Amino acid sequence: MTTRRIAVISAGLSNPSSTRMLADRLAAETVKALAGHDVDASVDVIELRDYAHDITNNMLTGFAPPALETAINTVVSADALIVVTPIFSTSYSGLFKSFIDVLDPDALTGTPVLIGANAGTARHSLAIDYAIRPLFAYLHAEAVSTGVFAASSDWGGAGDDVAPLAKRVEKGARELAEAIVRREASAVVDPYDPATYLGEGRSFGHLLGGLAGE
């Protein structure tokens, strides 16, 4: 069975938080969808509030403390991302943006991303498309078409009856799973491997033979 690794970025500030609740539901549904493609998945969750001071220090000094460096490596080496942020002042949270800012701008190129967001009212649901999606487009990540927004009412009995949260979570997770399946596993290129610059199956003998006119 093929194995893939998903990194989950949760930018909630409280504990427990609806941001983490949404992140967990998206991750669980994605793992389930991948299993349907005969793909095994592991999940690493990064709670940004645990790294808030380190993120600030990184922005001030340009160096990531060890714990933050580990979290960054977990994110940039993942096969896919699930990112969930609360909406503050009609956009992503400052903590979420600060973490994205300490990443290498090219580190997420081509990475499939499922975007989630939550707020007190559904009036902020468009923030996914006008604020968060352009951020990942700038980073050349591949955000799936469905973003999952959860308002406070979605956790109670007064949620959207036409497109309930469970359906939206399922759809977004299915799209991320399909994007993961489509994406080839990143190949690690060894610059000292002759195949890197001579071609697969060729050796220095082929190169010398070619130079000798053979």
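As recorded by an unreviewed UniProt entry, the protein carries the name FMN reductase and is attributed to Microbacterium maritypicum.

1. Here's the deal with the overall build of the protein
Across its full length, the protein carries 8 helices and 7 strands. Here the contacts in the protein between residues at least 6 apart in sequence split such that 79% fall between residues at least 24 apart. Carbon and sulfur atoms make up 53% of the accessible area of the protein, which totals about 11400 Å².

2. Overview of the pattern of salt bridges
Counted by the stated rule, this structure contains 6 salt bridges. The salt bridge involving Arg5 is made with Asp44; its shortest N-O contact spans 3.2 Å. Of this pair, Arg5 sits in strand 1 (residues 2-10) while Asp44 sits in strand 2 (residues 39-47); the two residues are 39 residues apart in sequence, bridging distant segments of the chain. Glu47 serves as the salt-bridge partner of Arg20, at 2.8 Å between the closest nitrogen and oxygen.

3. Here we look at the confidence of the model for the protein
Here the protein shows a mean pLDDT of 88. Residues at 70 or above account for 82%. A low-confidence stretch, residues 185-189 (pLDDT under 50), is modelled with 2 contacts involving residues beyond four sequence positions or located in other chains.

4. Quick look at the packing of helix 2 (residues 52-61) against helix 3 (residues 66-76)
As a packed pair, helix 2 and helix 3 sit with axes 9 Å apart at the nearest point and diverge in direction by 95°. The orientation of helix 2 relative to helix 3 falls into the category roughly perpendicular. In contact with Asp54, Ile55 and Asn58 of helix 2, helix 3 contributes Ala67, Leu68 and Ile72. Looking at the contact of helix 2 with helix 3 residue by residue, the classes come out as 4 nonpolar, 1 polar and 1 charged.

5. Overview of helix 3
Inspection of helix 3 places Leu68, Ala71, Ile72, Thr74 and Val75 among the buried residues, and these make up the whole buried set. The arc that holds the buried residues of helix 3, viewed along the axis, is 160°, so those residues lie on one side. Residues Pro66 and Thr70 are exposed on helix 3 and point more than 90 degrees away from its buried face. Its buried side turned inward, helix 3 meets strand 1, strand 2, helix 2, strand 3 (80-88) and helix 4 (94-102).

6. Observations regarding unusual backbone geometry
Cis geometry marks the peptide bond from Asn15 to Pro16, where omega comes out at 5°. Of note, Pro16 is situated in the loop between strand 1 and helix 1 (18-35). For Asp38, which is not glycine, the phi torsion reads 60° and is therefore positive. Take Asp38: it is sitting in the loop between helix 1 and strand 2. Given a relative accessible area of 46%, Asp38 falls into the partly exposed group. Despite not being glycine, Ser89 shows a phi value in the positive range, around 50°. Mapped onto the elements, Ser89 comes out in the loop between strand 3 and strand 4 (91-92). When its relative accessible area of 72% is taken as the criterion, Ser89 is described as exposed.

Rules of the game
- Residues numbered from 1 in each chain as written.
- Predicted model: local features only at pLDDT ≥ 70, side-chain atom pairs only at ≥ 80, totals over all residues.
- Heavy atoms only, no water.
- Helix = DSSP H or I, 4+ residues; strand = E, 2+ residues; numbered from the N terminus.
- Contact = heavy atoms within 4.5 Å.
- Areas by Shrake-Rupley, 256 points an atom, 1.4 Å probe, with all protein chains shown as cover.
- Salt bridge = Lys/Arg side-chain N within 4 Å of Asp/Glu carboxyl O.
- pLDDT = per-residue confidence, 0-100.
- Axes fitted to C-alpha atoms, helices over the stretch in contact; angles between N-to-C directions.
- Parallel < 35°, antiparallel > 145°, perpendicular 65-115°, else oblique.
- Nonpolar A, V, L, I, M, F, W, Y, C, P; charged D, E, K, R; others polar.
- Buried < 20%, exposed > 50% of the residue type's maximum accessible area, 1.4 Å probe, protein only.
- Arc of directions from axis to C-beta.

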